[in-house]
Amino acid sequence: MKRLAQQKVNRFLECFTPEDRVLIVINADPDAIASAMAVKRLLWRRVAAIVITHVNRIDRPDNQTMIQTLGVKLVGFEHVDVASFSRTVMVDSQPSHHPDFARIKRFNAVIDHHPQTEFDADFQDIRPGYGATSSIMTEYLFAAKIKLSARLASGLLYAIKTDTHNFERQAVQEDLRAFQLLYKHANLPLLRKIESAEFKPEYLRYFRYALQTFRLRHEKIYVHLGEVVHPDVCVMIADFFMKVQSVAWTVVSGICKDKLTVVFRNDGIRKNAGSLAQKAFGAFGSAGGHKSMARAELPMDNVEALIERPTDTRIIRWIVERVEGKSKS
């Protein structure tokens, strides 16, 4: 394993020269942020400049606290002159995962733990068995014999905890090994500070609405929140309802920026959320994910073509029909 990690990190570093200006592109969440931090540390003093850019809004309190506490410098993708960079790197995602990634015609390096899609890059390291991209990046850092700062170790540790849901979701032995390596270098009080920032006070109204309107069918809880300030509100509600006894699935939806987002969670027992999301909604937008967690994003133009006068009641009825029909097929 050490030899393989050494080979991988050497091949990755060979993609860059001291004159390169490197753009690291992410769809920001804890795993993507920590992985980008790791890439920046690997390339420190090896290239001329490094910038981390994100394509999404960063509204979740834990993500905001992570960025502030760890001192991560990020630039919105809309403010980046892509042409001024000679090399581009993507971590914790792949070029087809977000429409804004199309601004970059070709990525030089892509490192990810999501299922493989088709793309061309000088360097690819895609490991869908891993629970987090940060576990891969931890292997790179130790193979390169880099001394980890407490902030970097804490960020990577938090990312692994988050993406594996404290090892309750998909994880492999390598994730646990990375966790153990990072633990001795991390700042645990700093880690607790990030973990404690779960949601903003204004998000409480969504919890109240969800508790008043949820539907329970065949061990599945369905909630449609209507308009939401950010799709990650659906994630918070879905994770919350998974704590209810006897609930095996949660399916939570909301509308944000002319898109209907549907978030799936399950207990991981003989189930596949990614497959169900694709079967139920893949024909109408982007859909997929892992066994225990997935999401679908559907343009509202598509939804309006499928549902006459799509009120909240009609939308949740349609979602239930799609999920129940496909989960039985």
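Treat the numbers as computed from the prediction; the structure is a model and nothing was measured.

Enquirer: What am I meant to see in the pattern of salt bridges here?
Expert: One side chain can pair with another of opposite charge once the charged atoms of both are near each other. Summed over the entire model, instances satisfying the criterion amount to 15 salt bridges. One salt bridge in this structure joins Asp125 and Arg127, with 2.8 Å as the shortest N-O distance. With respect to burial, Asp125 and Arg127 carry one shared label: buried. One salt bridge connects Asp267 with Lys271, and the closest N-O pair in it is separated by 3.0 Å. Taking relative accessible area as the criterion, Lys271 reaches 18% and is therefore assigned buried. In the salt-bridge network here, residues are joined through shared partners; they are Lys8, Asp125, Arg127 and Glu139.

Enquirer: Just checking my understanding: could you explain the packing of aromatic side chains for this structure?
Expert: We describe a pair of aromatic rings using the distance from one ring centre to the other and the angle between the two ring planes. Enumeration according to the criterion identifies 13 aromatic pairs in this entry. Between Phe101 and Phe107 the ring centres are 6.4 Å apart and the planes differ by 85°, which places this aromatic pair in the edge-to-face class. On the basis of an interplanar angle of 55° and a centroid distance of 6.1 Å, the ring pair of Phe264 and Phe281 is categorised as tilted. A residue pair is termed long-range when its members are at least 10 positions apart, and Phe264 in strand S10 (residues 259-266) and Phe281 in helix H10 (residues 273-281) qualify at 17 residues. Among the residues examined, Phe281 registers a relative accessible area of 0% and is labelled buried. An aromatic cluster of at least three residues, connected via ring pairs, comprises Phe12, Phe16, Phe123 and Tyr140.

Enquirer: Would you mind going over helix H7 (residues 188-196) with me for this structure?
Expert: Residues lying three or four places apart along an α-helix face the same way, a consequence of the helix completing one turn every 3.6 residues. Every buried residue of H7 is accounted for by Leu190, Leu191 and Ile194. The buried residues of H7 all sit within an arc of 100° when viewed along its axis, so they share a single face. In this structure, H7 carries Pro189, Arg192, Lys193 and Ser196 as exposed residues pointing more than 90 degrees from its buried face. Contacts made by the buried residues of H7 are with helix H3 (61-70) and helix H5 (150-163).

Enquirer: Before we go on, may I ask you to explain the nonpolar core in this structure?
Expert: Nonpolar side chains in soluble globular proteins tend to end up buried together. With 55 residues, the main nonpolar core has Phe12, Ile24, Ile26, Leu43, Val89, Tyr140 and Leu156 as its most contacted residues. Looking at this core, the element that brings in the most residues is helix H2 (residues 30-43), giving 9 residues. Tyr222, Val251, Leu260 and Ala296 belong to the second largest nonpolar core, which has 27 residues in total.

Cut-offs used in this document
- Residues numbered from 1 in each chain as written.
- Predicted model: local features only at pLDDT ≥ 70, side-chain atom pairs only at ≥ 80, totals over all residues.
- Heavy atoms only, no water.
- Salt bridge = Lys/Arg side-chain N within 4 Å of Asp/Glu carboxyl O.
- Buried < 20%, exposed > 50% of the residue type's maximum accessible area, 1.4 Å probe, protein only.
- Phe/Tyr/Trp six-rings, centres within 6.5 Å; stacked < 30°, edge-to-face > 60°.
- Helix = DSSP H or I, 4+ residues; strand = E, 2+ residues; numbered from the N terminus.
- Arc of directions from axis to C-beta.
- Contact = heavy atoms within 4.5 Å.
- Core = buried A, V, L, I, M, F, W, Y, C linked by side-chain atoms within 4.5 Å.

On their own, these measurements won't tell you what the molecule is for.
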